[in-house]
Amino acid sequence: MSAVLRRGGLGLVAWLTGIVFFLPIAWMALTSFHSEADAATNPPSFAASLTLDGYREFFGSGGGASPWPALANSVVASLVSTALVLVLALPAAYALSIRRVRKWTDVLFFFLSTKMLPVVAGLLPIYLFAKHTGTLDDIWLLVVLHTSMNLPIAVWMMQSFLAEVPVAVIEAAQIDGARLPTILARVVAPIALPGIAATALICFIFSWNELLFARVLTGVVAETAPVFLTGFITSQGLFLAKVCAASLVISLPVLAAGFAAQDKLVQGLSLGAVK
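Residues numbered from 1 in each chain as written. Predicted model: local features only at pLDDT ≥ 70, side-chain atom pairs only at ≥ 80, totals over all residues. Heavy atoms only, no water.

1. Concerning the overall build of the chain
Step number 1: Within the chain, the secondary structure is distributed over 14 helices and zero strands.
Step number 2: Tracing the chain from N to C terminus, the helices and strands come up as α-α-α-α-α-α-α-α-α-α-α-α-α-α.
Step number 3: In terms of overall dimensions, the chain has C-alpha extents of about 70 × 70 × 30 Å along its principal axes.
Step number 4: Burial statistics for the chain: of 275 residues in total, 36% are counted as buried.
Step number 5: In the chain, the share of contacts with a sequence separation of at least 24, taken over all contacts with a separation of at least 6, comes to 76%. (Helix = DSSP H or I, 4+ residues; strand = E, 2+ residues; numbered from the N terminus. Buried < 20%, exposed > 50% of the residue type's maximum accessible area, 1.4 Å probe, protein only. Contact = heavy atoms within 4.5 Å.)

Below is the structure:
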């Protein structure tokens, strides 16, 4: 009976924790369907009439700017940088986990140490570099930056995932004459696919949500969705419903990617948890 009660208690705690994390999203979704006047009331009104005005203004029906260029820029920056990260991180993780180089732990620490530098500390040098090279307001500059920022964490994650790949399978492929690119593409990648999917999803989320560099280094042409979202915040007038509507729409690609890859994400994050 005690084991049943313990499992029931843990299940209740898990449900309560999930509800606590879900409440802000539900609140944002409800507020996005209210008028600006109803959204600004304190305390908020749950029985306020619903409207799509916030979404209409977000999509530019009221004469405002269209969000589609910013959304397209975010898609390009996130997908291309994530693909580049996977291409670069897979052989690096292979060299650190399966065919380990000398002092591989020091290499891993170096990768991790690059994430310790505050992002704002590198903002001015990167801005000056972009200004002198003519790459300000260029989406491909963001692709390079997102790739460099996500590569260390991707190598760190994939190293632990690839450490679970049986060495005997790789040796059998080598006996059959397979070279390194073939081994990575046809042997290592399929076995470590859940871990690769988890790494890709996390890199995609980090790239999609990045705001600081996008805010400073882009203007009109390469503006991303988070930067477009900040344009709804003004010092005059009401904007809460529009911001909630924009936030919900901009969050949908990340939520959709997480839902589509949830099984791979759980498998990838649980690799190595049980020996």
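2. What to know about a nonpolar patch on the surface
Step number 1: Together, Leu 12, Trp 15, Leu 16, Ile 19 and Leu 23 make up a nonpolar patch on the protein surface, roughly 570 Å² of accessible area in all.
Step number 2: Here Ile 19 lies in helix H1 (residues 2–32). (Patch = residues over 30% accessible without salt bridge, like charges linked within 9 Å, V, L, I, M, F, W, Y side chains within 5 Å. Areas by Shrake-Rupley, 256 points an atom, 1.4 Å probe, with all protein chains shown as cover. Salt bridge = Lys/Arg side-chain N within 4 Å of Asp/Glu carboxyl O.)

3. Structural notes on the side chain of Thr 218
Step number 1: With respect to the helices and strands, Thr 218 occurs in the loop between helix H11 (212–217) and helix H12 (225–230).
Step number 2: Relative accessible area serves as the criterion here: at 11%, Thr 218 is assigned to the buried category.
Step number 3: Separated by 2.2 Å, the side chain of Thr 218 and the backbone oxygen of Ala 214 make a polar contact. (Polar contact = N/O pair within 3.5 Å; in protein donor to acceptor, adjacent residues only side chain to side chain.)

4. Structural notes on the pattern of salt bridges
Step number 1: Tallied over the full model, the rule gives two salt bridges.
Step number 2: The partner of Glu 57 in a salt bridge is Lys 242, and the shortest N-O contact between them spans 3.4 Å. Of this pair, Glu 57 sits in helix H3 (residues 53–58) while Lys 242 sits in helix H13 (residues 240–260), and the two are 185 residues apart along the sequence.

5. Topic: the packing of aromatic side chains
Step number 1: Under the criterion given, the structure shown has seven aromatic pairs.
Step number 2: On the numbers, 4.9 Å between centres and 75 degrees between planes, the contact of Phe 58 with Phe 59 is edge-to-face.
Step number 3: Owing to a relative accessible area of 34%, Phe 59 belongs among the partly exposed residues under this scheme.
Step number 4: The interplanar angle of 85 degrees and the centroid separation of 5.4 Å between the aromatic rings of Phe 228 and Phe 232 together place this pair among those described as edge-to-face. The pair Phe 228 / Phe 232 is uniform in exposure class, with both members buried.
Step number 5: Each residue in the set Phe 58, Phe 59, Trp 68, Phe 228 and Phe 232 is aromatic and connected to the rest through ring pairs, giving one cluster. (Phe/Tyr/Trp six-rings, centres within 6.5 Å; stacked < 30°, edge-to-face > 60°.)

6. Comments concerning the nonpolar core
As a rule of thumb, soluble globular proteins bury nonpolar side chains together.
Step number 1: Membership of the largest hydrophobic core comes to 24 residues, with the highest contact counts inside it found for Leu 90, Tyr 94, Ile 98, Leu 162, Ile 170 and Val 188.
Step number 2: Mapped onto this core, the elements with two or more residues apiece are helix H4 (68–97), helix H5 (104–113), helix H7 (139–162), helix H8 (167–175), helix H9 (180–191) and helix H10 (193–209).
Step number 3: Take this core: its biggest share by element is six residues, from H4.
Step number 4: Beyond its immediate chain neighbours, meaning those up to four positions away, Leu 90 contacts Met 158, Leu 162, Leu 184, Val 188 and Ile 196.
Step number 5: With 19 residues, the next largest nonpolar core counts Phe 58, Leu 71, Phe 204 and Ala 246 among its residues. (Core = buried A, V, L, I, M, F, W, Y, C linked by side-chain atoms within 4.5 Å.)

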